Amino acid sequence: MIIGTVNTPIREIPQVATKLYWGAVKVRWLIGRDHYLVAPGLYATGKPDESSDVFVTANYKLSFDHLRKNLDGIDAWILVLDTKGVNVWCAAGKGTFGTSELVHRIKVTRLGKIVNHRKIIVPQLGAVGIAAHLVKSLTAVCPKPIPGTIKQSQTNINPRILGEIVDHGFRVIFGPVRAKDIKAFIQNRYQTTTEMRTVTFNFSDRIKLLTVDIVYARYKLFAAFAIMFLLSAIDPQGVNLIQAINNGLTAMILITLSYFTGILITPVVLPYIPVRMFAFKGLISGFFLSGILFLTGDLGVGYFGIAAWFLLLPAISSFMTMNFTGASTFTSLSGVKKEMKIFVPIQIFMVSTGLILYIINNLT
């Protein structure tokens with residue numbers, strides 16, 4: 001990642017490459033994701049000088065990598081905030097991508113001594129955590145006094161000099177939502193268009209996030225396998241290992257189908273399922289899967305067994321789709337809490353009833 005250094009009046013700044021390799025691919029499959037971060041501080045792309053733009057990002061390396069990739073061919077500075085390895089949007093909501101951290105990072109990097117301008121470009125998705133007026137005030141050499149608080153002894157200060165001192169504060173410019181629009185943003189004289197300000201969550205966006213969720217939830221899948229294998233061993237005589245193997249294998253296949261229905265199929269067709277809540281969308285997909293399996297004769301045997309899977313499959317699909325809310329721009333924290341309050345009890349009821357019916361089916 002580091003390919004050299006850039007000399008400044010303060011110190012040498014690490015120069016980073018704008019070409020990416022396998023790191024981003026691995027982290028999307030959850031390989032090393034918990035430690036995928038970059039040290040906070042100042043970095044350079046190309047050969048920036050004192051007049052080059054300063055772009056702000058999080059120290060989650062995927063965010064950092066996405067920014068530097070889109071700065072290919074641009075001489076710029078990258079100011080990385082310490083967000084504890086969390087991306088810009090989530091960190092802004094948590095408060096780690098915030099005013100105090102931005103001001104702190106400007107000061108500790110001595111950015112005011114490296115660039116001769118006083119503007120920094122912050123991603124729009126980080127706006128919720130940044131108070132631009134406070135950044136300008138707190139990074140000024142002499143913060144602007146609150147009206148009415150100037151002492152009598154200060155009234156002889158030349159207003160022009162006071163104005164020049166105050167102007168040393170850094171002015172925050174909120175850039176586009178997507179890093180790929182940065183070059184167009186610069187060409188448009190640092191003005192965002194409606195398209196640049198619009199948050200989307202299209203097919204390609206959803207596909208990029210699926211691998212993380214699929215791998216992240218694998219332990220829940222394995223736990224479900226273990227539970228169904230144990231329950232499949234129950235029969236009127238006690239424990240039947242052969243039955244556990246046969247019925248357990250069928251149960252694992254059905255659970256896997258519902259797992260991928262909730263975590264893969266539903267997110268792909270997300271906008272086309274005519275309800276708002278993700279858990280409800282997953283529930284609909286799960287019932288659709290159960291219906292198909294029932295028509296093909298693959299939903300198990302016995303009335304109790306079929307009824308059990310009609311409850312279990314939609315519940316699993318609903319739960320897995322609900323997990324996808326954390327990756328979506330369609331949801332909010334209050335909306336997710338409301339959704340969980342409604343659907344988690346429903347999911348628990350369906351799973352509990354389904355397991356009871358499954359056991360009854362094995363005992364009859």
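These notes cover the structure that comes with them.

Criteria and cut-off values
- Residues numbered from 1 in each chain as written.
- Predicted model: local features only at pLDDT ≥ 70, side-chain atom pairs only at ≥ 80, totals over all residues.
- Heavy atoms only, no water.
- Helix = DSSP H or I, 4+ residues; strand = E, 2+ residues; numbered from the N terminus.
- Contact = heavy atoms within 4.5 Å.
- Expected span 1.5 Å × (residues − 1).
- Bend = angle between axes of the 7 residues up to and from the residue.
- Polar contact = N/O pair within 3.5 Å; in protein donor to acceptor, adjacent residues only side chain to side chain.
- Phe/Tyr/Trp six-rings, centres within 6.5 Å; stacked < 30°, edge-to-face > 60°.
- Buried < 20%, exposed > 50% of the residue type's maximum accessible area, 1.4 Å probe, protein only.
- Lys NZ or Arg CZ within 6 Å of the ring centre and 35° of its normal.
- Right-handed = clockwise from strand over helix to strand, strands pointing away.
- Axes fitted to C-alpha atoms, helices over the stretch in contact; angles between N-to-C directions.
- Left-handed = near helix turned anticlockwise from the far one by under 90°.
- Nonpolar A, V, L, I, M, F, W, Y, C, P; charged D, E, K, R; others polar.
- Core = buried A, V, L, I, M, F, W, Y, C linked by side-chain atoms within 4.5 Å.

Examining the environment of Ile182
The residue Ile182 is located in helix H8 (residues 182-187) in this model. Distance in space between the C-alpha atoms of Ile182 and Thr192 is 9.4 Å, their sequence separation being 10 residues. In this structure, Ile182 is in contact with Phe55, Leu67, Leu71, Ile74 and Pro176, ignoring residues within four places of it in sequence.

Focus: helix H12 (residues 241-268)
Along an α-helix, residues three or four positions apart point the same way, because every turn accommodates 3.6 residues. A rise of 1.5 Å per residue sets the reference length of H12, with its 28 residues, at 40 Å; its end C-alpha atoms lie 39 Å apart and thus fit the reference within 8%. When the local axis directions of H12 are compared, the greatest deviation, roughly 40 degrees, occurs at Thr261. N-capping of H12 is provided by Asn240, with a side-chain oxygen placed 3.1 Å from the backbone N of Ile242.

Observations regarding the environment of Ile130
With respect to the helices, strands and loops of the structure, Ile130 is situated in the loop between strand S6 (119-122) and helix H6 (132-138). Considered as a pair, Ile130 and Val103 are 27 residues apart in the sequence and their alpha carbons are 9.9 Å apart.

Let's talk about the packing of aromatic side chains
As enumerated under the stated definition, the model contains 7 aromatic pairs in all. Measuring from centroid to centroid gives 5.2 Å for Tyr259 and Phe260, while their planes differ by 90 degrees, and the two rings are edge-to-face. Each ring, one from Trp309 and one from Tyr358, has its centre 5.8 Å from the other, and the planes form 75 degrees; the classification is edge-to-face. Taken together, the residues Trp309 in helix H14 (residues 303-323) and Tyr358 in helix H15 (residues 333-363) connect sequence positions 49 residues apart. Since its relative accessible area comes to 5%, Tyr358 is described here as buried. In this structure, Lys119 is placed above the aromatic ring of Tyr190, and the distance from its NZ or CZ to the ring centre is 5.2 Å.

Concerning the pairing of strand S4 (residues 53-58)
Burial within S4 is extensive, with 6 of its 6 residues counted as buried. The alternating pattern of S4 places Asp53, Phe55 and Thr57 on one face and Val54, Val56 and Ala58 on the opposite face, and all of these are buried. Regarding topology, helix H2 (residues 61-69) serves as the crossover connection from S4 to the parallel strand S5 (residues 76-81), and that connection is right-handed.

A closer look at unusual backbone geometry
If you check the backbone angles, Arg110 has positive phi at about 55 degrees while not being a glycine. Here Arg110 lies in the loop between helix H4 (99-108) and helix H5 (111-114). Located in the positive-phi region is Tyr190, a residue other than glycine, with phi close to 60 degrees.

A closer look at the packing of H12 against H14
Put simply, H12 and H14 touch, their axes get as near as 8 Å, and they point 35 degrees apart. The handedness of the crossing between H12 and H14 is right-handed. Contacts from Ala251, Leu254, Ile255, Ser258, Tyr259, Thr261, Gly262, Ile263 and Thr266 in H12 reach Trp309, Leu313, Ile316, Ser317, Met320 and Thr321 in H14. Taken together, the residues that form the contact of H12 with H14 break down as 9 nonpolar, 6 polar and no charged.

Let's talk about the nonpolar core
The nonpolar side chains of a soluble globular protein tend to be buried, and buried together. One finds Met228, Ile255, Tyr259, Trp309, Leu313 and Tyr358 to be the most contacted residues of the largest nonpolar core, which totals 27 residues. Those elements giving two or more residues to this core turn out to be helix H10 (203-216), helix H11 (218-232), H12, helix H13 (278-295), H14 and H15. With 6 residues, the top contributor of residues to this core is H14. Listed in part, the 26 residues of the second largest apolar core include Val6, Ala58, Ile114 and Phe170.

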